[in-house]
Amino acid sequence: MATKIRHLHRHHTSPVSESRTVQVIAIFLCLLFMALFLILPLWSVFIEAFAKGVGAYFSALANKDAQSAIRLTLLVAAVAVPLNVVFGVCASWAIAKFEFKGKALLITLIDLPFSVSPIISGMVYVLLFGAGSFLGPWLKSYGIEVLFALPGIILATIFVTFPFVARELIPLMQDQGTGDEEAALSLGANGWQTFWRVTVPNIRWGLLYGVLLCNARAMGEFGAVAVVSGRIRGQTTTIPLQVEILYNEYNGAAAFALASLLAMLALLTLVLKSFLEWRFGDELAATGRH
Amino acid sequence: MTSTTPKRDGWRLKQPSVIPGFGLTLGFTLAYFSLIVFIPLIALGIRSAGLGFDGFWKAATDPRVLGALRVSFVTALIAAGVNVIFGTLIAWVLVRYRFPGRRIFDAVVDLPFALPTAVAGIALTAIYAPNGIVGHWFPFRIAYTPIGIVIAMIFIGLPFVVRTIQPILEEVSREVEEASATLGASRFQTITRVILPSLTPAIMTGFALAFARGVGEYGSVIFIAGNIPFVSEIAPLLIYIRLQEFNYVGATVIAAVMLIISFAMLFIINLIQAWSRKRFGYGN
């Protein structure tokens, strides 16, 4: 009798679920699609990178231009990410802790860089600082080069990574409200003490989450940086640009070797991001998963 | 004793609050936003307005420009369509089914957000090239044709669809499905008549986001596209070519057309979300 019930149970299809066959087919289709479009490209980066052996891989990474590209990418991210963190914290403090006119508009505007093509993000700085502009020649007369130099690359990177921290922190701080800060202030803490001892501990995981995504994009940005860089080898080529140069010179193995660094960064970002979602999910914003 | 009642009338920017730092944070936010985003975009607007309507129209209707815009929009439309079908299915499978490795696949969905576009571009080209591991199975070329562009745009747009639908699907209440089943609907009827309609706003938003991203995409597309004018040359690439030629007018016009269209898309997305909040009581 008992076995019969169990038997019935196993083959019973819930009215609010699909049959086992349908489930298996659906899962198989999804995994096939994701394998073809997501996993295979990632896997092929490493296969191609080691196509000419481990020695070639490491000598491609040790190349002088590759080294300078790595240094430039780290430098650009080291400037762009902290600036966007300061902006993200300021914007979310103003938006989440106060009621003011035009707030909804400000939230929409902060997301603006996400709906602009990366090429256009770089191009706006070419128009602003390039030949025929007002600012470019004026700065040049003081010896400051913006375009085809470090400042232009940093500006373009800041533009494309602009919303990441803010869009993670705004919904999080809105959910948390102002109660904790008001309590701290009424107990005699000053503004900075309240911020560092109450707000920052409340938002630290959300902040880290935003920084992770911001950094991944900052180190990997291609289109916007391609427009402003001028591609001076060993000087204004970031890792993605160096990858492109090598690839177009039919030096595939070296291109993929450098690309594998960015792929590892992407994997690390995904792992840390999933860990944060799993471990501190309720301390992250419920919305804004990208 | 003096009265401490605040003045009630008159316009004020902000509601009173005991929390400090409003001026500092909003001031910095607005200054930073203006310097990085607003002023550069305005500069682009002024440049294109300076052309006058006739000059603008003439440059915008240049055959090569129209060709590039057509390639970008048609391929982005197809890719967003494919992503809606598979993105909805993936969201469904990840939310409703339990299978080994589900968490890993859930994390992998975000890969296109994390993997730099140039890396994705050369990797997809290697796979789908005529001698690549997937490409050599096909009797026709995938890489260096518009099909390649679609492939790259599918890659880049997939997470937008999945991540828009997933949270909404988690909120759809099981009671409604049970009611539908109790009233005699088959599972297929329940899905198509009860669940899918409540997912429609999310699906439309995901479609619009994936489409907008596809139209603007550059890095992952240019390697696999072949970049032949009128056939596989995308609009962002044509902007890039115009900039390399120092033809800033030509570049500005294409950029302005693309910006107008993507801001219109943004507006439509906001409308869909406002409508879905009203209709279904939730949205994102």
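The structure presented is a predicted model; accordingly, all values stated were derived computationally and were not measured. (Residues numbered from 1 in each chain as written. Chains lettered and ligands numbered in written order. Predicted model: local features only at pLDDT ≥ 70, side-chain atom pairs only at ≥ 80, totals over all residues. Heavy atoms only, no water.)

Draft legend 1. Main features of the overall build of chain B. Along chain B, the regular secondary structure elements total 12 helices and zero strands. The order of helices and strands in chain B, counted from the N terminus, is α-α-α-α-α-α-α-α-α-α-α-α. In terms of C-alpha radius of gyration, chain B reaches 24 Å, well past the compact-globule figure of 19 Å for 284 residues. Along the three orthogonal principal directions, the C-alpha set of chain B runs to about 90 × 65 × 35 Å. A total of 284 residues make up chain B; the buried ones form 52% of that total. In the form shown here, chain B has an accessible surface area of approximately 13200 Å², with 68% of it arising from carbon and sulfur atoms. (Helix = DSSP H or I, 4+ residues; strand = E, 2+ residues; numbered from the N terminus. Rg over C-alpha atoms; globule rule 2.2 N^0.38 Å. Buried < 20%, exposed > 50% of the residue type's maximum accessible area, 1.4 Å probe, protein only. Areas by Shrake-Rupley, 256 points an atom, 1.4 Å probe, with all protein chains shown as cover.)

Draft legend 2. Highlighting the overall build of chain A. Regarding its fold elements, chain A presents 14 helices and zero strands. Element order for chain A, N to C, with α for helix and β for strand: α-α-α-α-α-α-α-α-α-α-α-α-α-α. Taken against the 2.2 N^0.38 rule, which gives 19 Å for 290 residues, the C-alpha radius of gyration of chain A at 24 Å runs more than 25% over that of a compact globule. Seen through its principal axes, chain A has C-alpha atoms that stretch 90 × 65 × 30 Å. For chain A, the residues scored as buried account for 53% of the 290 residues in total. Surface exposure of chain A reaches about 13100 Å², of which carbon and sulfur atoms provide 67%. One finds the centroid of the 20 positive side-chain charges in chain A at a distance of 6 Å from the centroid of its 17 negative side-chain charges. (Lys, Arg positive; Asp, Glu negative; His and termini not counted. Charge placed at Lys NZ, Arg CZ, Asp CG, Glu CD.)

Draft legend 3. Seen up close, the pattern of salt bridges. Enumeration according to the criterion identifies 18 salt bridges over all chains in this entry. Residues A:Glu249 and A:Arg233 are paired through a salt bridge, measuring 2.9 Å at the closest nitrogen-oxygen approach. Remark: A:Arg233 occurs in the loop between helix H12 (223–229) and helix H13 (239–248) and A:Glu249 occurs in the loop between H13 and helix H14 (252–279); sequence separation between them is 16 residues. Given a relative accessible area of 42%, A:Glu249 falls into the partly exposed group. Overall, A:Arg233 belongs to the partly exposed group, its relative accessible area being 37%. B:Asp106 is the partner of B:Arg163 in a salt bridge, and the nearest nitrogen-oxygen pair spans 2.9 Å. Taken together, the positions of B:Arg163 in helix H7 (residues 146–171) and B:Asp106 in helix H4 (residues 102–108) put the pair 57 residues apart, joining distant regions of the chain. When its relative accessible area of 9% is taken as the criterion, B:Arg163 is described as buried. (Salt bridge = Lys/Arg side-chain N within 4 Å of Asp/Glu carboxyl O.)

Draft legend 4. Fine view of the interface of chain B and chain A. In this assembly, 90 residues from chain B lie in contact with 90 residues from chain A. Both faces considered, chain B and chain A share a buried interface measuring about 8200 Å² in area, 80% of it formed by carbon and sulfur atoms. Among the residues of chain B in contact with chain A, B:Ile19, B:Tyr32 and B:Tyr97 are the three that bury the most area, contributing 8% of the side total. Across the chain B-chain A interface, the total number found is two salt bridges. Of the charged contacts, one joins B:Asp110 and A:Lys273 as a salt bridge, the two residues approaching to 2.3 Å between their closest N and O atoms. Summed over the shared surface of chain B and chain A, the result is 16 residue pairs in polar contact (both at pLDDT 80 or more). For the side of chain B that touches chain A, the leading source of residues is helix H1 (residues 22–49) of chain B, giving 16 residues. (Contact = heavy atoms within 4.5 Å. Buried area = accessible area lost by both parts, 1.4 Å probe. Polar contact = N/O pair within 3.5 Å; in protein donor to acceptor, adjacent residues only side chain to side chain.)

Draft legend 5. Broad picture of the confidence of the model for chain A. The pLDDT averaged across chain A works out to 91; a share of 94% of its residues lies at or above 70. Ranking the helices and strands of chain A by mean pLDDT puts helix H4 (residues 64–97) of chain A first, with 97, and helix H1 (residues 2–11) of chain A last, with 47. (pLDDT = per-residue confidence, 0-100.)

Draft legend 6. Layout of the state of the cysteines. All names here are of chain A. For the structure shown, the criterion picks out zero disulfides over all chains. Just so you know, cysteine 90 is unpaired, no disulfide at all, and the nearest cysteine sulfur is the one on cysteine 214, 15 Å from it. Cysteine 214 sits in the buried class, given a relative accessible area of 0%. (Disulfide = S-S within 2.5 Å.)

Draft legend 7. Inspection of unusual backbone geometry at higher detail. Phi at A:Tyr250 takes a positive value of approximately 60 degrees, unusual for a residue other than glycine. Within the secondary structure, A:Tyr250 is located in the loop between H13 and H14. Note on A:Tyr250: relative accessible area 78%, which makes it exposed. Of note, the phi angle at B:Asn227 is positive, near 55 degrees, even though the residue is not glycine. Tracing the chain through its elements places B:Asn227 in the loop between helix H10 (219–225) and helix H11 (235–244).

Draft legend 8. Structural context of a nonpolar patch on the surface. There is a patch of nonpolar side chains on the surface, built from B:Leu35, B:Phe38, B:Ile39, B:Ile42 and B:Ile46 and spanning about 490 Å² of accessible area. For B:Ile46, the position within the fold is in helix H1. (Patch = residues over 30% accessible without salt bridge, like charges linked within 9 Å, V, L, I, M, F, W, Y side chains within 5 Å.)

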